[in-house]
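Listed below are the residues making up each chain.
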Amino acid sequence: MIVGLENWTLARPELFLAAATALLLIYGVVRGEIATPFVSAATSVALLVTAALLFLPYREGTAFSSLFIVDRLTATMKALVLVGSALAILMSRAYFEQARAWRFEYPLVVALATLGMMLMISANDLMALYVGLELQSLALYVIAAFQRDSVRSTEAGIKYFVLGSVASCMLLFGSSLIYGFCGGTAFVQISGALADGRATEIGVIIGLVFVVAGLAFKVSAVPFHMWTPDVYEGAPTPVTALFAVAPKIAAMSLLVSVLMGPFKPLFAQWQQIIVVASVFSMALGAFAALRQQNIKRLMAYSSIGNVGYVLLGVASGSEKGIQAVVFYLAIYMVMTLGVFATILMMKRRNIMVEQVSDLAGLARSQPMMALGMLIFMFSLAGIPPLAGFWGKLYIFMAAVEAKLFVPAVLGVLASVVASYYYLRIVKVMYFDEPPGEAIDRPAFGVNRAVALVAAFLIAVFSLAPQPLSLIAEAAAKGLFP
Amino acid sequence: MILQALAFYVFAAITVASAAMVVVSRNPVYSVLFLILAFFNAAALFLLIGAEFIAMILVIVYVGAVAVLFLFVVMMLDINLTELREGFLEYFPVGALIGAVLFAELLLGVGIIGSGSTTVAGLNAHGAQVMAIDNTRAIGRVLYTQYFYLFQVAGLVLLVAMIGAIVLTLRSRPGVRRQKAGEQIYRSKEQAITVVKVPTGGGV
């Protein structure tokens, strides 16, 4: 049954990515450092080809003895993750070249992390979930510490590694309890056992809490967010861009498929946990970012806040809610990549700067860069009619429909508070006096192109959110057949 | 049966004694060696209950890798034992408490105290089936068929670990003289020897 062709056709994108990574690794090892530009470009292309393979042709079903599942939701999420990783690799070249840390292993480790994300998105069994998650996490620990001559990067790597291991332990402990009380690790077995009356066992609920805690760490939801600001600040900026996008989307997709799949019968139990995590994430994302001076740290808190909104969509537990989650994540990815592409262009006398105050007077020296940042910030703040507003609107509508009135109101209030620090950046760019020397004129390159395309996409989504919303609807249908 | 019971008590006694010696021993190298002895005896205990796969894994992984790693660490680092033992009395009550709790849990789990009321689903149903064949064979049957996917992904995880270890630690140091076997073997007489005419009484 293992030689069955359906295994290979369903997992075709993953197999392609694994094979491409292995070949490029061998090429890189044989050629040495000269191979870096080629390996980097080829890895990005391989990631994009993998994304295309997801839909050409699109097939769904389960493979490898039901350990692996493909449906509309997983395919859409994988496509987002792949595009995010490919762009993150392209965006990293200039930074690493300047830091003299441009090595061919970097794109390959990112590709392996992406492979891990794809596997965890497609997990249909607790064991498959764990191996996918570990593949992803281990690769991410390595790239967090990639700039090994920098103390902050090494510190970020160590912190991420230690705390990530604790999260993995919690996840494993929860999984073992669930395995013990449900008699199986496959999602089908778990939902079957829960429907058969195992749902009242206290052991199952404790297991569920631990699994959710482990996953909440990976999406950096409060109260498991502590690592986020330090790791985002310490890691090299292109790595932070990757962290803010791909692993978040993958872990969120995993959380959705675990909660809406095997644990559907325990909806009442997990809804409370997710609502609390959501409300606190939104609040912390809003208040803690107010006093941040470092823009990477600020984006870390912003990402915690955004995770709160997404969790609110998950907590509604409806088809509308999942649709809103997919929609929000897609827009969040575009906005975040745009912001980080702009941050990567922030140089003064060819040295990277990352303080908010460094942006002062940007509107006069680099009006286009300031305009791009303005669009991203307004969109992140959720000011109508920009794309970020539609994302939040869908989330709140789904929450209200699920009768989560109080969390929805708190979410709106949090987004009002959060708009303060997004608008502060706009104020600094447009109204503050430059502190002397202005930011360098950004060089032509990938970052400029990414920022431009991201700003353009936000404009498109703002005027016509319908097509994206239809894609999100189709994806959400994957969970509600 | 008597022979088995006798073997059990011998192995169990050595395990407990060597575990105690790990803590009590004054020389850290002896501690590690006692740890290895404890691992071997635990492996023998696993063999007695018919879990030969776990027994072999215990020997290969714990003795072969973990304990040897400990031994390296102990011998590489200059550990001052008196310093390590300084806080012993201070931490003893907490340690004893945790030990007592763990021991009570163990007794509860085995069912000596109270009655095991929690049922674990599916355990009894699978039990009889698994005992029919030896467990290495049972693991082998599913590892490369049903769990083939997990096995392959575990391989990828190890690949990432290997790349990561190399990327984060390997650096090229310019000033190091390495052995270059090829160059050394193919060195010709002209490259290696210079003939110098030394004038009488002049020195080199």
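Every value quoted in this text rests on a predicted model; they were computed, and no experiment measured them.

Criteria and cut-off values
Residues numbered from 1 in each chain as written. Chains lettered and ligands numbered in written order. Predicted model: local features only at pLDDT ≥ 70, side-chain atom pairs only at ≥ 80, totals over all residues. Helix = DSSP H or I, 4+ residues; strand = E, 2+ residues; numbered from the N terminus. Rg over C-alpha atoms; globule rule 2.2 N^0.38 Å. Contact = placed C-beta atoms within 7 Å. Nonpolar A, V, L, I, M, F, W, Y, C, P; charged D, E, K, R; others polar. pLDDT = per-residue confidence, 0-100. Expected span 1.5 Å × (residues − 1). Buried ≥ 20, exposed ≤ 12 C-beta atoms within 10 Å, placed from the backbone. Core = buried A, V, L, I, M, F, W, Y, C linked by C-beta atoms within 7 Å.

## Quick notes on the overall build of chain A
From N to C terminus, chain A includes 20 helices and 4 strands. By the compact-globule yardstick of 23 Å for 481 residues, chain A fits well, its C-alpha radius of gyration being 21 Å. With the C-alpha coordinates aligned to their principal axes, the bounding extent of chain A is approximately 70 × 60 × 40 Å. When contacts within chain A are restricted to residue pairs at least 6 apart in sequence, long-range pairs at least 24 apart make up 79% of them.

## Some words on the overall build of chain B
For chain B, the helix and strand inventory stands at 10 helices and 0 strands. Reading the secondary structure of chain B in the N-to-C direction produces α-α-α-α-α-α-α-α-α-α. Across chain B, every contact between residues at least 6 apart in sequence was considered, and the portion connecting residues at least 24 apart equals 51%.

## Considering unusual backbone geometry
Across residues other than glycine, the phi torsion is negative in most instances, and most of the peptide bonds are trans. Residues and elements named next belong to chain A. For the bond running from L56 to P57, omega is -15°, close enough to zero to count as cis. Relative to the assigned elements, P57 resides in the loop between helix 3 (36-55) and strand 1 (61-63). Cis geometry is found at the peptide bond from V222 to P223, where omega equals 5°. Mapped onto the secondary structure, P223 falls in the loop between helix 9 (202-219) and helix 10 (227-234). One non-glycine residue, F64, lies in the positive phi region at around 50°. Tracing the backbone shows F64 in the loop between strand 1 and strand 2 (68-70). Positive phi outside glycine occurs at R100, with the angle close to 55°. Looking at where R100 falls in the secondary structure, it is placed in the loop between helix 4 (72-98) and helix 5 (105-121).

## Re the interface of chain B and chain A
Where interface size is given, it is often the accessible area lost as the parts come together that is meant. With 18 residues of chain B in contact, the opposing surface of chain A contributes 31 residues. Residues belonging to the side of chain B that touches chain A are distributed by class as follows: 14 nonpolar, 4 polar and no charged.

## Structural notes on the confidence of the model for chain B
Residues and elements named next belong to chain B. Per-residue pLDDT for chain B averages 83, and the proportion of residues at 70 or more is 85%. Of all helices and strands in chain B, the one with the weakest mean pLDDT is helix 6 (residues 123-131) (51), whereas helix 8 (residues 148-169) scores best (94). Confidence over residues 115-123 falls short of pLDDT 50; this stretch has 9 contacts with residues more than four positions distant or in other chains. Scored as a whole, the predicted complex attains pTM 0.88, and scored at its interfaces, ipTM 0.91.

## Some thoughts on helix 16 (residues 367-381) of chain A
Residues and elements named next belong to chain A. The end-to-end C-alpha distance of helix 16, which contains 15 residues, comes to 21 Å, matching closely the 21 Å that a straight helix rising 1.5 Å per residue would cover. Most of helix 16 sits out of view: 12 of its 15 residues are buried. Three or more residues of helix 16 are buried, namely M369, A370, G372, M373, L374, I375, F376, M377, F378, S379, L380 and A381. The elements touched by buried residues of helix 16 are helix 13 (295-316), helix 14 (319-345), helix 15 (362-365), helix 17 (387-401), helix 18 (405-431) and helix 19 (446-463).

## Topic: helix 18 of chain A
Along an α-helix, residues three or four positions apart point the same way, because every turn accommodates 3.6 residues. Here helix 18 of chain A spans 38 Å end to end across 27 residues, near enough to the 39 Å set by a 1.5 Å rise per residue. Along helix 18 of chain A, the positions that sit buried rather than exposed are P407(A), A408(A), G411(A), A414(A), S415(A), A418(A), Y421(A), Y422(A), I425(A), V426(A), V428(A) and M429(A).

## Quick notes on the confidence of the model for chain A
Taken over all residues, the pLDDT of chain A has a mean of 91, while the share at 70 or more is 99%. Mean pLDDT per element in chain A: helix 1 (residues 5-10) of chain A is the minimum at 78, and helix 5 of chain A is the maximum at 96.

## A closer look at the environment of S278(A)
All names here are of chain A. Relative to the helices and strands, S278 is located in helix 12 (residues 267-287). Look at S278 and you get buried, because 28 C-beta atoms sit within 10 Å. The spatial distance from the C-alpha of S278 to the C-alpha of V222 is 7.6 Å, given a sequence separation of 56 residues. With residues near it in sequence (within four places) discarded, S278 still touches G308, L311, L312, A315 and P407.

## Some details on the nonpolar core
If you look at the biggest cluster of nonpolar residues, it comprises 204 residues, and the most contacted ones within it are Y328(A) and L329(A). The element contributing the most residues to this core is helix 14 of chain A, with 20 residues. Excluding residues that lie within four positions of it along the chain, Y328(A) makes contacts with Y309(A), V310(A), G313(A), G391(A), Y394(A) and I395(A). In this structure, V32(B), I36(B), A42(B) and L58(B) belong to the second largest nonpolar core, which totals 9 residues.

## A look at the environment of G164(B)
Residue position: G164(B) is located in helix 8. When residues no more than four places from it in sequence are discounted, the contact partners of G164(B) are V109(A), L138(A) and V142(A).

## A look at the environment of G192(A)
Residues and elements named next belong to chain A. Residue placement: G192 occurs in helix 8 (residues 187-195). We classify G192 as partly exposed; it has 16 C-beta atoms within 10 Å. Here the alpha-carbon distance between G192 and P265, two residues 73 residues apart in the chain, equals 9.4 Å.

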